[in-house]
Amino acid sequence: MAQDQDIICEIRGSAGFVLLNRPKALNALNLPMVRELAKALDAWEHDPAVTRIVVTGAGDKAFCAGGDIRSLHDLGKAGQYDEMLTFWREEYILNARIQSYPKPYVALVDGIVMGGGVGLSLHGNHRVAGERWLFAMPEVGIGFFPDVGATYALPRLPDHAGIYLALTGDRVGQADALALGLATHAVPSARMAELAEALTGSEPVDTTIARFAADPGPGKLAPERATIAHCFGAATLPDILGRLDAKAAAGDAFAAKALATIRAKSPTSVAIAFEQMRRGASLGFAEAMQLEFRIVSRIPHGHDFYEGVRAVVIDKDQAPSWRPRTLEELDPAAVAAYFAPLGATELALGS
């Protein structure tokens, strides 16, 4: 039965319609889903009956809460590193495919969108946020790093907000998503199903979405944008921490919370994420994905990913024991090693 599939790809009217169909797992992404979507995009690119792609998530909680981190953790614990990298390799190739897709690609996001779900939505040219939109790249909290194209996308957000999101893992809603450019349109949740149906017609995509769009007003980050720009626009990670510390000492509660949040994350992951953002601002998309694959190829051989998943996902004690424990104990050479070329195993992307 199609309804039992983790992902349903079918033609509805003029649309190649995709349903991420694991609502009990918050539509978490696995390798068969990656492969099925890639196959559908290949088929639809040259089908003249398909004029746009529409991607949605089943249920009312999540578009896609990320990759299946628990299964990747278990593969790594078993030493099955090649299997881990097969997932990431194919996922990253799919992210690049979406970013360069020649037909309108519309992600209808009304719920949680994190990690792998960001990779399926943020790189499309139409990103529609419902009121339940909840975006985060929380990877530094599990000893990982903001991947799936975050290296390219986040440094390009205004006011250095992408660096803030990468280093803190903060969650933002519909209004902030629109203001920062994470979303291209905001639509009331009550009208999302109607919009999905309308997008299967022949009317131009932009015209259809415009009929449903509404102004969500200011987001929670609006009053903090100047502080984010000042603190996260610093040239080095120690300078960012220093500026946050100075603001916190002057009574800025937002800066104090951001500083405490960063200090609680994996120091290795925070340092990797900062370096990603620094480099990513000047990289093309394919180069950014290749850089991410260099990093992810080293992650399975470290400590913090397994410890982070244990603390947050498995035991849920929220008390990870990072190695090293603080940013000050980090060896810069150890961080730089994550970015070194891979040689024969570099990520290969089509032109």
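Below is a summary of the structure that appears in this document. (Residues numbered from 1 in each chain as written. Predicted model: local features only at pLDDT ≥ 70, side-chain atom pairs only at ≥ 80, totals over all residues. Heavy atoms only, no water.)

1. Regarding the overall build of the protein
Check the secondary structure of the protein and you find 16 helices and nine strands. Here the protein has a C-alpha radius of gyration of 20 Å; the compact-globule value for 351 residues is 20 Å, and the two agree. With the C-alpha coordinates aligned to their principal axes, the bounding extent of the protein is approximately 55 × 45 × 40 Å. In the protein, buried positions account for 53% of the 351 residues. Restricting to contacts in the protein with at least 6 residues of sequence separation, those with at least 24 account for 73%. About 14400 Å² of surface is accessible on the protein, with carbon and sulfur atoms providing 53% of the total. Averaging the coordinates of the 33 positive side-chain charges in the protein and doing the same for the 41 negative ones gives two points 1 Å apart. (Helix = DSSP H or I, 4+ residues; strand = E, 2+ residues; numbered from the N terminus. Rg over C-alpha atoms; globule rule 2.2 N^0.38 Å. Buried < 20%, exposed > 50% of the residue type's maximum accessible area, 1.4 Å probe, protein only. Contact = heavy atoms within 4.5 Å. Areas by Shrake-Rupley, 256 points an atom, 1.4 Å probe, with all protein chains shown as cover. Lys, Arg positive; Asp, Glu negative; His and termini not counted. Charge placed at Lys NZ, Arg CZ, Asp CG, Glu CD.)

2. Description of empty space enclosed by the protein
Counting across every chain of the model gives one cavity of 30 Å³ or more. If you add up the space inside the largest cavity, you get close to 40 Å³. What lines the largest cavity is Val-109, Val-113, Val-118, Ser-121, Leu-122, Arg-127, Trp-133, Phe-135 and Leu-182. Its residues assigned to classes, the lining of the largest cavity shows seven nonpolar, one polar and one charged. (1 Å grid on protein atoms, 1.4 Å probe; cavity = no way out; pocket = protein on both sides within 12 Å on 5 of 7 lines; lining within 4 Å. Points joined across faces, edges and corners; volume = space filled by probe spheres on them. Nonpolar A, V, L, I, M, F, W, Y, C, P; charged D, E, K, R; others polar.)

3. A look at the layout of surface pockets
Roughly 940 Å³ of internal volume is contained in the largest pocket. Considering the residues around the largest pocket, the lining is formed by 37 residues, among which Ile-69, Pro-138, Ile-142, Val-312 and Val-313 are closest to the centre. Here the lining of the largest pocket is composed, by residue class, of 19 nonpolar, eight polar and ten charged.

4. Side note on the pairing of strand β5 (residues 105–109)
Where burial is concerned, most of β5 is hidden: five out of the five residues are buried. Both faces of β5 are covered, namely the face carrying Tyr-105, Ala-107 and Val-109 and the face carrying Val-106 and Leu-108. For strand β3 (residues 52–57) and β5, the ladder comprises three bridges, and the chain directions are parallel. Residue pairing across strands places Ile-53 opposite Tyr-105, the latter belonging to β5. As paired strands, β5 and strand β7 (residues 126–129) are joined by four bridges and run parallel to one another. Of the residues in β7, the one forming a bridge with Ala-107 is Arg-127. (Pairing = 2+ DSSP bridges.)

5. Some remarks on unusual backbone geometry
Backbone torsion omega between Arg-323 and Pro-324 reads -5°, so that peptide bond is classified as cis. Here Pro-324 lies in the loop between α15 (304–314) and α16 (332–337). In this model, Asn-27 sits at a positive phi of 60°, which is unusual for a non-glycine residue. Of note, the phi angle at His-160 is positive, near 60°, even though the residue is not glycine. Counting through the fold element by element, His-160 comes out in the loop between α5 (150–153) and α6 (161–168). For His-160, a relative accessible area of 36% puts it in the partly exposed group.

Fair warning: the whole summary comes from geometry, so function is off the table for now.
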